[in-house]
Amino acid sequence: MWRWTLLALALSSSPCPSHQQFPRACATREALSSRECCPPWEGDGSACGASTGRGFCHDVEASDRPDGPQYPFSGRDDRERWPLAFYNRTCQCAGNYMGFSCADCKFGYVGAGCSERRESLRRNAFHLTTAEKQKFLSYLNLAKTTVSRDYVVLTRTREELENGTGAAFADASVYDVFVWMHYYVSRDALLGGPANVWADVDFAHWAPAFLPWHRLYLLHWERAIRRVTGDQGFTMPYWDWRDAQGCDVCTDQLMGGQSPRDPTLISPASIFSSWKVICSQAQDYNSRGVLCNATEEGPLRRNPGNHNRNVVARLPTSEEVEFTLSLPDYDTGAMDRTANMSFRNTLEGFGDPQTGQGSSSRMGMHASLHVFMNGSMSSVQGSANDPIFLLHHAFVDSIYEQWLRRHRPSPSQYPESNAPIGHNRDYHMVPFFPLHRNREYFVSSKELGYEYSYLLDTNQRISESMGPYLELLQEAWPWMLLAGILGAGVVLVTVRLHRRFSARVPRTWPWQRQGKWRNMFHLPERQPLIVESSDFKSYQTAI
């Protein structure tokens, strides 16, 4: 959801390597005027690495298939036929190369020639060790506090850029670039002037591209974190929220608990208590007829569970997830929120997770989590401000992956035409650079180089989930060893005392030597040692 990220920060900035959205190298007056985004690859200095066969500068081929009736305009929104409002020539990469300058490898490939396959593993957040959790949180905070070298965010429409009115671009942190993207792709269409907007449009929600778009979003997000941290093994953890009774990731050890002073704020013990949100005031932007300018707008807010119960009764159950997975059709009918028995619409949350009927009066599945969080995450355009968004969408993506493996859909199941604007099979996803088409992410995660831990076989799942327990054992073993040593000492002392005492005490007491006393304290062996009583209850009977 958010518009094509970023045309260009300071027009005087020098080009930097980048990997998606508007690269700085293409955010110059010259590039915007020529409508060409074909930066040189640093390895050989040629546009798109053409000299060494990595790619070449090519005319953009935008889809011309008809869209659905939900958006009745043409030529009014910069996102239409992406990215032609800004560029009509971009790099087309060869083989396994990828990137706006063909400097990167496709997802799932590594190495100098991008020929080595590598599969990463996305793990349950609760299976991370304490050290792994702390590392994940530090990576998030680093991304939030590091200004992006590679991208800037667009704060004016193409028309305003051509008219030269106001500042066109703004700096943003690595994290906030992605927040802005989600805003831009899901924002209402600005038709000109204050309060003149069209709300029934979203290039990444309410229609078939919902799952492929967010799949690509997470892949680029992982790559951005790897780049800013240097940790090439980083993967996004997920939150398995099936049957959860509350926000069990909302602790200071993970995504932040509630503040004791204000339950809508994050606990001061969490790093997220200092985070500020951007692009969270959609109504204000609409009323003024402007784009979000990426300035800070206040603290991150969250009040899980204190939401409108008439909209969301509870978090999704395992049974509802299973019902959703059982639906064989990816999308149906108008392919929007009205779609019946649609896997996509039911998983997105507008189809009833018990009947499959669209236009549900209550939100379920994916959407129910957003409502349940009751804060920054509850607005579509501003939801990516809350880092729980990432863990949540990683699990949604895992359900999408389960469906793909179970039903093995043919490529034709993804609609070629008549889907809401932005959602047809060959539409380029807004606002990504390099360009990606929706159909390219209607494939298994295995093809894209990643797997989910709970989809592994049984032995692999057990091994993966042992991390926290092994960590506890490692922390406890010195105490266990000490307890063992002390216990052994107690046993030795007891044995020695027993032997000394036994040597001093006669083997038989005087009265035992006299026949008349011999059986005085002896009970027959057949008599039970514990006398039964009608008042006695065992644990089982008590239960």
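So, here is what we can say about the structure in this document. (Residues numbered from 1 in each chain as written. Predicted model: local features only at pLDDT ≥ 70, side-chain atom pairs only at ≥ 80, totals over all residues. Heavy atoms only, no water.)

1. Focus on the overall build of the protein
- Across its full length, the protein holds 13 helices and 13 strands.
- Pairs at least 24 apart in sequence give 69% of the contacts found in the protein among residues at least 6 apart.
- Surface summary for the protein: the accessible area is close to 26100 Å², and the carbon and sulfur share equals 53%. (Helix = DSSP H or I, 4+ residues; strand = E, 2+ residues; numbered from the N terminus. Contact = heavy atoms within 4.5 Å. Areas by Shrake-Rupley, 256 points an atom, 1.4 Å probe, with all protein chains shown as cover.)

2. Some points on the layout of surface pockets
- Counted as a void, the largest pocket has a volume near 710 Å³.
- If you trace the largest pocket, you find 28 residues lining it, with Cys93, Lys106, Leu435, His436 and Glu440 closest to the centre.
- Residue assignment for the lining of the largest pocket shows that the elements contributing at least two residues are strand E2 (55-59), strand E3 (89-93) and strand E4 (97-98).
- Ranked by residue count, the leading element in the lining of the largest pocket is E3, at 4 residues.
- When its residues are assigned to classes, the lining of the largest pocket shows 13 nonpolar, 8 polar and 7 charged. (1 Å grid on protein atoms, 1.4 Å probe; cavity = no way out; pocket = protein on both sides within 12 Å on 5 of 7 lines; lining within 4 Å. Points joined across faces, edges and corners; volume = space filled by probe spheres on them. Nonpolar A, V, L, I, M, F, W, Y, C, P; charged D, E, K, R; others polar.)

3. Things to note about helix H7 (residues 318-326)
- For H7, every residue scored as buried is listed here: Glu320, Val321, Thr324 and Leu325. The arc enclosing the buried residues of H7, seen along the axis, measures out at 140 degrees, which places them on a common side.
- For H7, the secondary structure elements touched by its buried residues are helix H8 (343-348), helix H9 (365-373) and helix H10 (388-407). (Buried < 20%, exposed > 50% of the residue type's maximum accessible area, 1.4 Å probe, protein only. Arc of directions from axis to C-beta.)

4. A closer look at the sheet that holds strand E1 (residues 36-37)
- Across the sheet, which stays open at both edges, the 3 strands sit in the order E1-E3-E2 with mixed pairing between neighbours. Since the sheet does not close on itself, it has two edges, and those belong to E1 and E2, each with one partner.
- The pairing of E2 with E3 spans 5 bridges and is antiparallel. Counterpart to Phe56 in the pairing with E3 is Gln92. (Pairing = 2+ DSSP bridges.)

5. Overview of the nonpolar core
- Among the nonpolar cores identified, the biggest contains 113 residues, and Tyr217, Met255, Phe343 and Ile399 are the most heavily contacted of them.
- No other element matches H10, which puts 11 residues into this core. (Core = buried A, V, L, I, M, F, W, Y, C linked by side-chain atoms within 4.5 Å.)

6. Notes on unusual backbone geometry
- The amide bond that connects Trp82 to the next residue, Pro83, takes the cis arrangement and shows omega of 5 degrees.
- Here Pro83 lies in the loop between E2 and E3.
- Cis geometry is found at the peptide bond from Val430 to Pro431, where omega equals -5 degrees.
- Even without a glycine there, the phi angle at Met341 is positive, about 50 degrees.
- Inspection of the secondary structure puts Met341 in the loop between H7 and H8.
- If you check the backbone angles, Asn374 has positive phi at about 50 degrees while not being a glycine.
- Here Asn374 shows up in the loop between H9 and H10.

7. Examining the packing of aromatic side chains
- Summed over all chains, the structure comprises 33 aromatic pairs.
- Ring centres of Tyr175 and Trp275 lie 4.9 Å apart, and the angle between their planes is 70 degrees; this geometry places the pair in the edge-to-face category. Of this pair, Tyr175 sits in helix H4 (residues 174-186) while Trp275 sits in the loop between helix H5 (210-229) and helix H6 (282-288); the two residues are 100 residues apart in sequence, bridging distant segments of the chain.
- Taking the relative accessible area as the measure of exposure, Tyr175 reaches 2% and is therefore buried.
- Under the relative-accessibility criterion, Trp275 is labelled buried at 2%.
- Aromatic pair Tyr330 and Tyr414: ring centres 5.9 Å apart, planes at 35 degrees, arrangement tilted. In this pair, Tyr330 is assigned in the loop between H7 and H8 and Tyr414 in the loop between H10 and strand E13 (450-452), connecting sequence segments 84 residues apart. Side by side, Tyr330 and Tyr414 carry an identical accessibility label, which is buried. (Phe/Tyr/Trp six-rings, centres within 6.5 Å; stacked < 30°, edge-to-face > 60°.)

8. Description of the side chain of Asn286
- Secondary-structure assignment places Asn286 in helix H6.
- Residue class for Asn286 comes out buried when judged on its relative accessible area of 16%.
- Not counting residues up to four positions away in its chain, the partners in contact with Asn286 are Asp188, Leu190, Pro194, Ala195, Asn196 and Val197.

9. Comments concerning the packing of H5 against H10
- Across the interface, H5 lies against H10 with an axial gap of 10 Å and an inter-helix angle of 125 degrees. Viewed along their axes, H5 and H10 adopt a mutual orientation that is oblique. The two elements H5 and H10 cross, and the hand of that crossing is left-handed. Residue-level contacts link Phe210, Leu211, Pro212, His214, Arg215, Tyr217, Leu218 and Trp221 of H5 to Phe389, Leu390, His393, Ala394, Val396, Asp397, Tyr400, Glu401 and Leu404 of H10.
- Here the residues of the contact of H5 with H10 sort into 12 nonpolar, 2 polar and 3 charged. (Axes fitted to C-alpha atoms, helices over the stretch in contact; angles between N-to-C directions. Parallel < 35°, antiparallel > 145°, perpendicular 65-115°, else oblique. Left-handed = near helix turned anticlockwise from the far one by under 90°.)

10. Topic: helix H2 (residues 130-145)
- Under the 1.5 Å per step criterion, the end-to-end length of H2 is 23 Å for 16 residues, consistent within 8% with the ideal 22 Å.
- All buried positions along H2 are accounted for by Lys133, Phe136, Leu137, Tyr139, Leu140, Ala143 and Lys144. Angular distribution of buried residues about the axis of H2 spans 155 degrees; they occupy a single face of the element. Set apart from the buried face of H2 by more than 90 degrees, the exposed residues are Gln134 and Thr145. (Expected span 1.5 Å × (residues − 1).)

11. Some points on the state of the cysteines
- Within this structure, the stated rule accounts for 7 disulfides.
- Between Cys38 and Cys57 runs a disulfide, and the two sulfur atoms are separated by 2.0 Å. Sign of the S-S torsion, about 75 degrees for the bond between Cys38 and Cys57, identifies this disulfide as right-handed. Taken together, the positions of Cys38 in the loop between E1 and E2 and Cys57 in strand E2 put the pair 19 residues apart, joining distant regions of the chain.
- Shown here is the disulfide that connects Cys279 with Cys292, its sulfur atoms set 2.1 Å apart. Looking along the S-S bond of the Cys279-Cys292 disulfide, the torsion reads about -75 degrees, which is the left-handed sense. A residue pair is termed long-range when its members are at least 10 positions apart, and Cys279 in the loop between H5 and H6 and Cys292 in the loop between H6 and H7 qualify at 13 residues. The burial state of Cys279 is the same as that of Cys292; both residues are buried. (Disulfide = S-S within 2.5 Å.)

12. So, the environment of Met255
- If you trace the backbone, Met255 turns up in the loop between H5 and H6.
- Taking the relative accessible area as the measure of exposure, Met255 reaches 0% and is therefore buried.
- Distance in space between the C-alpha atoms of Met255 and Phe272 is 7.4 Å, their sequence separation being 17 residues.
- Beyond its immediate chain neighbours, meaning those up to four positions away, Met255 contacts Phe136, Leu137, Leu140, Val249, Ser270, Phe272, Arg302, Pro387, Ile388 and Leu391.

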